[in-house]
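Structural description and commentary
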Amino acid sequence: TWVSLGVESGSQRMLDFLGKGTTVEMNKKAIQILHDNNVNCWCNLVFGLPTETKEDIAATIKLLEETRPAFYSLSTYTCYPGSKLYKYCEENKLFLDEHYSMARFPYERCILNVDYNYLRKTFGHIGGHLKGPMREWKPKEKPA
C-alpha cells in the first residue's frame with residue numbers, strides 16, 4: 001500500500017545536477033498515478049546540495065504543496081565517500097572540517113556555501129505548514 005519515491009527535489013536544475021534522469025513533471029505524474037490508484041506515496045527529498053539556491057528550495061516546497069504525498073521525508077545532503085557528489089565536493093573544496101558526519105539533519109553541517117540556518121527554518125516551516133500525512137493514509141486491503 002506504500003511506494004517510496006526518490007523525488008529528491010522540485011527543481012529541474014537540481015534533478016539535472018544530480019543526474020536523476022527524471023523531470024519534475026515525471027515526478028508529479030508518478031505521484032498522481034499513485035493517488036489515483038489509492039496507493040500511499042512517500043516522497044524523499046534532499047536539501048543542502050552543492051549549488052542549491054533558495055529558488056530551488058522554494059520549488060521543492062511548491063512540489064510538496066501541489067502533489068500532497070501521503071508522507072514525506074526531508075533530509076540534508078550527506079557526503080558519502082566514493083559517490084559522484086562526494087567527488088564533486090572534493091574537487092571544488094566544499095568540505096568543512098566536520099564533513100565526516102553521516103547525519104542527514106540540518107543541524108549537521110556538511111559542506112560550504114549552504115545556509116544551514118535557512119534550512120533549519122525551512123524545515124520548521126514545512127513541518128508547520130504541511131504537517132503530518134498530507135493525504136489520508138489508505139489501509140492495507142485484506143486479501144479476498
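Anything mentioned here points back to the structure above.
Along each chain, numbering runs from 1 in the same order as the chain's sequence is written. Thresholds applied to this predicted model are a pLDDT of at least 70 for local features of residues and 80 or more for the giving and counting of side-chain atom pairs; totals over whole chains, interfaces and linings are not thresholded and use all residues. For the side-chain quantities, the full set of heavy atoms in the structure was used; hydrogens and water were omitted.

Comments concerning unusual backbone geometry
In this structure, Thr51 takes a positive phi of about 75 degrees despite not being glycine. Relative to the helices and strands, Thr51 resides in the loop between strand 2 (40-47) and helix 3 (54-67). Exposure classes here rest on a 1.4 Å probe applied to the protein chains alone. A residue is buried below 20% of its type maximum, exposed above 50%, and partly exposed in between. Residue classification places Thr51 among the partly exposed residues on the basis of a relative accessible area of 37%. Positive phi values are uncommon outside glycine, yet Asn113 reaches one of about 70 degrees. Within the fold, Asn113 resides in the loop between helix 4 (84-91) and helix 5 (116-129). In this description a helix means any DSSP run of H or I spanning at least four residues, a strand means any run of E spanning at least two, and both kinds are numbered starting from the N terminus.

Some points on the environment of Arg120
Summarising the element assignment, Arg120 is placed in helix 5. On the basis of relative accessibility, which here comes to 35%, the residue Arg120 falls in the partly exposed class. C-alpha of Arg120 to C-alpha of Thr76: the two residues are 44 residues apart in sequence and 9.9 Å apart in space.

Examining helix 2 (residues 24-36)
Expected span of a helix, by definition, is 1.5 Å for each gap between consecutive residues, and there is one gap fewer than residues. For helix 2, which comprises 13 residues, the first-to-last C-alpha distance of 18 Å matches the rise-based estimate of 18 Å (1.5 Å per residue) to within 8%. By the burial criterion, the buried members of helix 2 are Val24, Asn27, Ile31, Leu34 and His35. One side of helix 2 holds all its buried residues, which, seen down the axis, span an arc of 105 degrees. Exposed and oriented more than 90 degrees from the buried face of helix 2 are Glu25, Lys29 and Asp36. Here, two residues are considered to be in contact whenever any of their heavy atoms come within 4.5 Å of each other. The elements touched by buried residues of helix 2 are strand 1 (2-8), helix 1 (12-18), strand 2 and helix 3. Note: the arc covers the axis-to-C-beta directions of the helix.

As for the layout of surface pockets
Cavities and pockets are defined on a 1 Å grid built over the protein atoms alone: a cavity is a set of grid points where a 1.4 Å probe fits but cannot escape, while a pocket is an open set with protein on both sides within 12 Å along at least five of seven lines, and lining residues are those with an atom within 4 Å of any such point. Grid points are joined across faces, edges and corners, and a volume is the space filled by probe spheres set on the points. In this model, the largest pocket occupies a volume close to 270 Å³. Along the walls of the largest pocket sit 17 residues, with Glu8, Val46, Ser75, Tyr77 and Tyr80 positioned nearest its centre. Taken together, the elements giving at least two residues each to the lining of the largest pocket come down to strand 2, strand 3 (71-76) and helix 4. Residues that form the lining of the largest pocket fall into these classes: 7 nonpolar, 6 polar and 4 charged. Each residue receives one of three labels: charged for Asp, Glu, Lys and Arg, nonpolar for Ala, Val, Leu, Ile, Met, Phe, Trp, Tyr, Cys and Pro, and polar for the others, Gly being one of them.

Some remarks on the environment of Cys41
Locating Cys41 in the fold gives a position in strand 2. In this structure the C-alpha to C-alpha distance between Cys41 and Val3, which are 38 residues apart in sequence, comes to 5.2 Å. Ignoring sequence-local partners within four residues, the contact set of Cys41 consists of Trp2, Val3, Leu5, Ile31, Leu34, Pro69, Ala70 and Phe71.

Remarks on the pattern of salt bridges
A pair is scored as a salt bridge if a Lys or Arg side-chain nitrogen falls within 4 Å of a carboxyl oxygen belonging to Asp or Glu. In total, this model carries 5 salt bridges according to the counting rule given. Between Asp56 and Arg13 there is a salt bridge whose closest N-O contact spans 2.5 Å. Of the two residues, Asp56 is situated in helix 3 and Arg13 in helix 1; the sequence distance between them amounts to 43 residues. Accessibility expressed as a relative area gives 5% for Asp56, which makes it buried. Its relative accessible area of 38% is what places Arg13 among the partly exposed residues. A salt bridge links Glu25 to Lys28, with the nearest nitrogen and oxygen atoms 3.5 Å apart.

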